[in-house]
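Each chain is listed here by its residues.
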Amino acid sequence: MENYKQIKEDFMLEFLKNDKKIYDVTKLEIGRQQDNLELIASENFVSLAVLQAAGSVLTNKYAEGYPGKRYYGGCEFVDMAEEIAKDRLKQIFGAEYVNVQPHSGSQANMGVYMALLNPGDTILGLSLDHGGHLTHGSPVNFSGQIYRAIGYPLNKETKQLDYNIIEDLAVKEKPKLIVAGATAYSREWDYSKFREIADKIGALLLCDISHPAGLIAKGLLNNPLEHCDVVTSTTHKTLRGPRGGVILVGKDRENPLGIKTMKGDRLKMMSEVFDSMIMPGIQGGPLMHIIMSKAVAFGEVLQNSFKDYALQVRANAQKLSSELMNKDFQIISGGTDNHLMLVDLTNKNISGKKAEVALEKAGITVNKNMIPFDTKSPFVTSGIRIGTPAVTTRKMKESEMIVIAEFIDKAILNYENDSVLESIKSDVKQLCNRFPLYPELN
Ligand SMILES: Cc1ncc(COP(=O)(O)O)c(C=O)c1O
């Protein structure tokens, strides 16, 4: 085990040794990732190939513009990397147009909004406190400041999407853009219903698949591309790539973006609309090392083994949620269709904030999260969000989910007892040691 650790540290840290402070920080973070149970739904562990591409010499290259049309010389090889990333992403989702340059999911959403909307236009997205993302219209985010943002709630009884509520709000508020997708919602989306609603009022439809993208990629969940004008995603959650964002448009929309009199071909029109908004509209030079790393990750998604991974992510989430329910944890909506679950801790008499702290002491990383119709503030919350992408990457399966549910239950019951939390932490470490972070380095 010591030997394994040594090999891994040499690989990760070799060239940082001359910068003691940074060397120490990186070493501590490697240890944290190895020894803790990572249950944050938006995190994952990339492969060594993805990591190597992200740390490659492509970071040295300025390449403002797009393949074949750069503002700098010497771009012939980074052009190849970007084209590979684009081709693979199109293949994964059946897209006609993609942009792989957004530095993050937020930048992808900002690019789309700025391309399609004018300041003051109305957008309609899932309320932040019901699972929507900051960029779907939060007042503390550009999306809620530049645009008139209306949030649709979940159904109070089912805690699920209610298409009648969404339709009524859409008819009343007449948004120019409806946003589907969420950051903390565990159920399937019916994009055809969103399309019907958007068509009824002549709105554009964006879907942000940042969270479930990896499951959609392998056909485990509905693919929104055929129904939406445009789709955005991060690349670092269930897609298991480097941190970043992408924009996609499907092949099947007759009039993508509602543009009926298209000049030239569709692809050219979409490129003009979105490419020019990402660069020069809101970004400068693309992160070519990250774009190449996205290409590597997309290559992995295209492999058959990624389907096994995605299936296991969902199976693990379903097992963990049913095990927690057996221990009298309230899972919002009664289960999950994807990689995450929201746990309502009200009956456990502990806030999300306290639960997050106690679990962290026990070596289990989750985030506090508002539950639909929460009475507590976003800094306290009544719930936690739990996801299985990262532990599944470490090859944990249903039997480990049973153990993890026991750890969580024990930690929540003993949240004020540091010695119990300490003993769970050592059990967690033992479990983690059985599932090394990068076993290839052994
Ligand atoms: C649904 C959704 N959209 C967008 C984002 C933003 O991504 P990033 O953090 O890369 O800006 C997130 C991140 O949590 C997300 O969950």
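By convention here, each chain's residues receive numbers from 1 onward along its written sequence. Owing to the predicted nature of the model, reporting of local features is limited to residues with pLDDT of at least 70; listing and counting of side-chain atom pairs is limited to 80 or more, with chain, interface and lining totals taken over all residues. Values reported for side chains reflect all heavy atoms of the structure, with hydrogen atoms and water molecules removed beforehand.

## A short note on the site of the ligand
Then, number 1: A single heavy atom is enough: if one lies within 4 Å of a molecule or strand, its residue is considered near that molecule or strand. The full set close to the ligand counts 13 residues, and G105, S106, T183, D208 and K237 are the nearest of them.
Then, number 2: Within the side chain of S106, one N or O atom sits 2.7 Å away from an oxygen atom of the ligand.
Then, number 3: Think of a 1 Å grid over just the protein atoms. A cavity is a set of points where a 1.4 Å probe fits yet cannot get out, a pocket is an open set with protein on both sides within 12 Å along at least five of seven lines, and lining residues have an atom within 4 Å of a point. More than half of a molecule's atoms lying within 2 Å of a cavity's or pocket's grid points is what places that molecule inside it. For the ligand, the cavity whose grid points lie within 2 Å of the majority of its atoms is the second largest pocket.
Then, number 4: Going along the chain from the N terminus, every DSSP run of H or I of four or more residues is numbered as a helix, and every run of E of two or more is numbered as a strand. The element best represented in the shell around the ligand is helix 5 (residues 105-116), accounting for 3 residues.
Then, number 5: Classifying every residue of the shell around the ligand gives 1 nonpolar, 10 polar and 2 charged. Throughout this description, a polar contact denotes any pair of N or O atoms lying within 3.5 Å of each other; where both atoms belong to protein, one of them has to be capable of donating a hydrogen while the other can accept it, and for residues adjacent in sequence the pair is counted only when both atoms sit in side chains. Gly is placed with the polar residues, together with every amino acid not listed as nonpolar (Ala, Val, Leu, Ile, Met, Phe, Trp, Tyr, Cys and Pro) or charged (Asp, Glu, Lys and Arg).

## Notes on empty space enclosed by the protein
Then, number 1: Grid points are joined across faces, edges and corners, and a volume is the space filled by probe spheres set on the points. This model, assessed by the stated rule, comprises 4 cavities of 30 Å³ or more.
Then, number 2: Each pocket or cavity is described by its volume, and for the largest cavity that value is around 80 Å³.
Then, number 3: Residues that form the lining of the largest cavity fall into these classes: 8 nonpolar, 4 polar and 1 charged.
Then, number 4: Shared between two domains, the lining of the largest cavity takes at least three residues from each, and those domains are domain 1 (57-302) and domain 2 (308-435).
Then, number 5: By volume, the second largest cavity is sized at about 60 Å³.
Then, number 6: Together, H130, L154, K159, A184, Y185, S186, I332, S333, L340, L342 and P372 line the second largest cavity.
Then, number 7: Tallied by class, the residues present in the lining of the second largest cavity amount to 7 nonpolar, 3 polar and 1 charged.
Then, number 8: Start and end points for every domain follow an automatic or database-based domain assignment. Split by domain, the residues of the lining of the second largest cavity number at least three in each of domain 1 (57-302) and domain 2 (308-435).

## Quick word on the packing of helix 5 against helix 10 (residues 266-282)
Then, number 1: Here an axis means a line fitted to C-alpha atoms, over the contact stretch when the element is a helix, while the angle between two N-to-C directions is reported on a 0 to 180 degree scale. Two numbers describe how helix 5 lies on helix 10: the axes approach to 9 Å, and their chain directions differ by 115°. Between helix 5 and helix 10, the angle falls in the class roughly perpendicular. Here the hand of the crossing between helix 5 and helix 10 comes out right-handed. The residues of helix 10 that touch helix 5, namely those facing Q107, M110, G111, V112, M114, A115 and L116, are V273, F274, M277, I278 and I282.
Then, number 2: Looking at the contact of helix 5 with helix 10, its residues break down into 10 nonpolar, 2 polar and no charged. Angle categories: roughly parallel below 35 degrees, roughly antiparallel above 145, roughly perpendicular from 65 to 115, and oblique for all the rest. Crossing chirality is assigned from the near helix's rotation relative to the far helix, an anticlockwise turn below a right angle marking it left-handed and a clockwise turn marking it right-handed. Any pair of residues with heavy atoms lying within 4.5 Å of one another is described as a contacting pair.

## Focus: the packing of aromatic side chains
Then, number 1: Aromatic pairs are defined between Phe, Tyr and Trp rings, using the six-membered ring for Trp, whenever the two ring centres lie within 6.5 Å; interplanar angles under 30 degrees are classed as stacked, those over 60 as edge-to-face, and all others as tilted. In the structure shown here, the tally under the stated rule is 9 aromatic pairs.
Then, number 2: Consider the rings of Y62 and Y72, whose centres lie 5.1 Å apart with planes at 10°: the pair is stacked. Placement of Y62 in the loop between helix 3 (48-54) and strand 2 (65-66) and of Y72 in the loop between strand 3 (69-70) and helix 4 (76-93) is noted, with a sequence separation of 10 residues between them.
Then, number 3: Judged by relative accessible area, which is 36%, Y72 ranks as partly exposed.
Then, number 4: Ring geometry for Y113 versus Y147: centroids 5.7 Å apart, planes at 80°, classification edge-to-face. Here the residue Y113 occupies a position in helix 5, and Y147 occupies one in the loop between helix 6 (142-146) and strand 6 (148-152), the gap between them amounting to 34 residues. Residue Y113 shares its accessibility class with Y147, and that shared class is buried. Throughout, exposure labels follow a simple rule: accessible area from a 1.4 Å probe, protein chains only, divided by the maximum for the residue type, with under 20% read as buried, over 50% as exposed, and the rest as partly exposed.

## Some details on a nonpolar patch on the surface
Then, number 1: Patch members must show over 30% relative accessible area and no salt bridge, and they are joined within 9 Å when carrying like charges or within 5 Å when they are nonpolar side chains of Val, Leu, Ile, Met, Phe, Trp or Tyr. Areas reported here follow the Shrake-Rupley algorithm with a probe of radius 1.4 Å; residue values treat only the protein chains shown as occluding. Definition used for salt bridges: Asp or Glu carboxyl oxygen within 4 Å of a side-chain nitrogen of Lys or Arg. Judged by side-chain polarity, Y62, Y71 and Y72 come together as a nonpolar surface patch covering roughly 370 Å² of accessible area.
Then, number 2: The class for Y71 is exposed, based on a relative accessible area of 61%.

## Examining the domain arrangement of the chain
Then, number 1: In terms of domain boundaries, the chain breaks down into domain 1 (57-302) and domain 2 (308-435).
Then, number 2: Of note, the centres of domain 1 and domain 2, computed from C-alpha atoms alone, are 29 Å apart.
Then, number 3: Across the boundary between the two partners, domain 1 contributes 23 residues, which contact 24 residues of domain 2.
Then, number 4: Buried area counts how much accessible surface, traced with a 1.4 Å probe, disappears from two parts once they are put together, with both parts' losses summed. Around 2,000 Å² of area is buried between domain 1 and domain 2 when both sides are counted, 62% of it from carbon and sulfur atoms.
Then, number 5: When the buried surface of domain 1 facing domain 2 is broken down by residue, S186, R187 and L220 rank first, second and third, together holding 27% of it.
Then, number 6: Put simply, domain 1 and domain 2 have 1 salt bridge between them.
Then, number 7: Put simply, R187 and D337 hold a salt bridge, and the shortest N to O gap is 3.0 Å.

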